[in-house]
Amino acid sequence: MIYFVVAAVALILIAIYYYFKPEQKVTKNVFNAEYYRGLNYLLNNKEDRAFKIFTALMDVDSSTIETHLALGGLYRKRGEFDKAILIHQNLLSRPTLEKELKNQALYELAKDFHSAGLYDRSEKIFRNLSESNTYALSCYEELLKLYEVTKDWDKAINIINKSDSVEINNHSKDLLMSHYLCEISTNHHENAEIERAVVVSKKSLKISPTCLRPYLQLGTYYSETDPKRSLQYYSQAIQIDGDFSKYIVKKIINLTKSSSHNELIMDAIIEISNDKKLSFIPELYIYLLYKGNEDLASSYVKRYHAVNDYDDFIINSTLATSENDDIAKTSPVDNMINSYRKVFDKGFIFLCSNCGYKSNVLNWLCPSCNSWSSSKPITTFDLIDGGYKNARQ
Ligand SMILES: [Zn+2]
């Protein structure tokens, strides 16, 4: 008997469900048609009419709020910041908006302000919103992006200290802190406050010993006052990032111009030439050949010959350059390197390994994809006929 009652109740419930379902569907469709009419007005720059419809719809059903948020985000992506701002501000003007949706709209509005370059207004909203636990990390991430644009490094460091998360914006907190300190160090250096610059770079190096930047900074800062220390930092830098070896070897060779420590520099160059992890460095070969002796140079070349096609290609070009250049043979090494450069490269191009952005200057923060430490130096020669590509395969 009891089974019969249960089955009957279940059947009645199913019947009620199907009886009401079609009606619901109809309302939804009517509502959607109205929504698309609004959307159409918006796309045709008839914002006032669009907002009338949207506002009316929002009174009917709160689900449009999410669609509004999506639409606002879409406008921001398209670069139409004023429209995105209007949509989000319009949402926020609704007195019945739930707290969670209000926070979401505020978060989006702050992003609009950032994109539109209204940094003060963006910062204010993100700061207030970061008090809420749900939004703290997202707001910290956005605030860091904002301080990176406005170069407000002290505030950026404060955010790092506040955040509990290990990673922010896909970077470790230590790496970010290290770069922010390096930025401050650069400012000191530009203001001729060398001692302060050195202190801050050393702090940066301590926080993230695997970040290349402070080593290069200290190498540069010491290059005139203490070439021996400069050399130590440059040598450490090569150990940290072999991709920078050609770039750093040039800096080391430049030290010979202002230094009387030529023996120390030769020792460092020989040590680098023995590092099997590094790829062939034409400048290093030229230096060994003209400042050292032929044995050193040829044993350096031999190690790379036939290891891979790319190294062979570079080596043959290097040998051809050094043999054919008679003037260079009788000139000091600087002239030799200069004539060599005419053939090989006009300095470095920096290629972002994250997004492929190319630049003539080393950007520690990629202006295209906002990633730190992603740019690597390549020579113009590396780019010829896909030489760079081959080297990486
Ligand atoms: Zn990039």
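As the structure is a computational prediction, the values presented were derived from the model and not from experiment.

A. Quick look at the overall build of the protein chain. For the protein chain, the count of helices and strands is 21 helices and five strands. Counting across all 393 residues of the protein chain, residues that qualify as buried make up 32%. Sequence-distant contacts in the protein chain: of pairs separated by 6 or more residues, those separated by 24 or more amount to 47%.

B. Spatial organisation of the packing of helix H6 (residues 119-129) against helix H7 (residues 136-150). Close contact between H6 and H7 brings their axes to 9 Å; oriented N to C, the two are set at 155 degrees. Our classification of the angle between H6 and H7 gives roughly antiparallel. Where H6 crosses over H7, the two elements pack in a sense that is left-handed. Across the interface between the two elements, Tyr 119, Ser 122, Glu 123, Phe 126 and Leu 129 from H6 touch Cys 139, Glu 142, Leu 143, Leu 146 and Thr 150 from H7. Classifying every residue of the contact of H6 with H7 by side-chain character gives six nonpolar, two polar and two charged.

C. Highlighting the environment of Ala 50. Mapped onto the elements of the fold, Ala 50 is located in helix H2 (residues 47-60). Assessed through the 23 C-beta atoms surrounding it within 10 Å, Ala 50 is described here as buried. Separated by eleven residues in sequence, Ala 50 and Leu 39 have C-alpha atoms that sit 6.5 Å apart. Not counting residues up to four positions away in its chain, the partners in contact with Ala 50 are Gly 38, Tyr 41 and Leu 42.

D. Here's a closer look at unusual backbone geometry. Of note, the phi angle at Asn 169 is positive, near 50 degrees, even though the residue is not glycine. Tracing the backbone shows Asn 169 in the loop between strand S1 (167-168) and strand S2 (171-172). Its identity is not glycine, yet Asn 170 carries a phi of approximately 65 degrees, on the positive side. Within the fold, Asn 170 resides in the loop between S1 and S2.

E. Focus on helix H13 (residues 245-258). Taking 1.5 Å of rise per residue, 14 residues should cover 20 Å, and H13 covers 21 Å from first to last C-alpha, within 8% of that figure. Here H13 has its buried residues at Ser 245, Lys 246, Tyr 247, Ile 248, Val 249, Ile 252 and Leu 255. Buried residues belonging to H13 abut helix H11 (212-225), helix H12 (227-240), helix H14 (262-273), helix H15 (282-291), strand S3 (348-352) and strand S5 (375-379).

F. Region of interest: the sheet that holds strand S4 (residues 358-359). A sheet is described by the order of its strands in space; here three strands give the open sequence S4-S3-S5, paired in antiparallel fashion. A single partner strand is all that each edge strand has here, and the edge strands are S4 and S5. As paired strands, S3 and S5 are joined by five bridges and run antiparallel to one another. Counterpart to Leu 351 in the pairing with S5 is Lys 376.

G. Fine view of the confidence of the model for the protein chain. Confidence in the prediction of the protein chain, expressed as mean pLDDT, is 81, and 75% of residues score 70 or more. Here residues 18-29 scores under 50 on pLDDT; set against residues more than four positions off or in separate chains, the count is zero contacts. For residues 385-393, every residue scores under 50 in pLDDT, and the model assigns this stretch eleven contacts once sequence neighbours within four places are set aside.

What counts and how
- Residues numbered from 1 in each chain as written.
- Predicted model: local features only at pLDDT ≥ 70, side-chain atom pairs only at ≥ 80, totals over all residues.
- Helix = DSSP H or I, 4+ residues; strand = E, 2+ residues; numbered from the N terminus.
- Buried ≥ 20, exposed ≤ 12 C-beta atoms within 10 Å, placed from the backbone.
- Contact = placed C-beta atoms within 7 Å.
- Axes fitted to C-alpha atoms, helices over the stretch in contact; angles between N-to-C directions.
- Parallel < 35°, antiparallel > 145°, perpendicular 65-115°, else oblique.
- Left-handed = near helix turned anticlockwise from the far one by under 90°.
- Nonpolar A, V, L, I, M, F, W, Y, C, P; charged D, E, K, R; others polar.
- Expected span 1.5 Å × (residues − 1).
- Pairing = 2+ DSSP bridges.
- pLDDT = per-residue confidence, 0-100.

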